[in-house]
Amino acid sequence: MSSVSGLLFENHAGWKFPPRVALGYGKNFTPWPEAQFYWRGVIYVSYLFFEHLESSKNSFGVSETNQVVLHWEFSILFF
């Protein structure tokens, strides 16, 4: 799977909306043969352009930045 989207987050300077590109791999499966629904699990790796996510400063006054985001999605879909 691939997608182009934006991510809205609040930074110390205000709200940011950087574009991102994501690639993912997913699997659909039914828990039993006669089920009227199926489960979907997807893992995504995305890259933020122009802006970055920033953590709050630690005890040494250093904050970490990140432009690569890894996230997982689980869905139950009825048909």
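For clarity, every value in this text was computed on a predicted model and none was experimentally measured.

Peer 1: Residues and numbers for the side chain of Ser46, please.
Peer 2: Within the secondary structure, Ser46 sits in strand β5 (residues 37-48). The exposure class of Ser46 is buried, given its relative accessible area of 1%. Look past the residues within four positions of Ser46 in its chain and what remains in contact with it is Arg20, Val21, Ala22, Gln67, Val68, Val69 and His71.

Peer 1: I'd like to hear about the sheet that holds strand β1 (residues 2-6), residue by residue, with values.
Peer 2: Judged by pairing direction, the sheet is antiparallel, and its 4 strands sit side by side in the order β1-β4-β5-β8 without closing on themselves. Both outer strands of the open sheet, β1 and β8 (68-78), are each paired with one neighbouring strand and no more. Taken pair by pair, the neighbouring strands of this sheet meet at an average axis angle of 30°, ignoring direction. Where strand β4 (residues 19-29) meets β5, 10 bridges bridge the pair, whose relative direction is antiparallel. Its bridge partner lying in β5, Phe29 is registered against Trp39.

Peer 1: Tell me what's going on with the environment of Phe79, and back it up with residues and numbers.
Peer 2: Tracing the backbone through its elements, the reader meets Phe79 in the segment after β8. Among residues more than four places away in sequence, those in contact with Phe79 are Ala35, Gln36, Phe37 and Tyr38.

Parameters at a glance
- Here the residue numbering is sequential within each chain, running from 1 through the sequence in written order.
- Reporting in this predicted model follows two pLDDT cut-offs: at least 70 for local features of residues, and 80 or more for side-chain atom pairs to be given and counted; totals over whole chains, interfaces and linings ignore these cut-offs and use all residues.
- Only heavy atoms go into the side-chain values, all of them from the structure, while hydrogens and water stay out.
- The way it works is that DSSP assigns letters per residue, a run of H or I at least four long becomes a helix, a run of E at least two long becomes a strand, and they are numbered from the N terminus.
- The buried label applies to any residue whose accessible area, calculated with a 1.4 Å probe on protein chains only, is under 20% of its type's maximum; exposed applies above 50%, and partly exposed to all values in between.
- Any two residues having at least one pair of non-hydrogen atoms within 4.5 Å are treated as being in contact.
- Between any two strands, at least two bridges found by DSSP are needed for them to pair.
- Helix axes are fitted only over the stretch in contact, all axes being lines through C-alpha atoms; the angle between N-to-C directions runs from 0 to 180 degrees.

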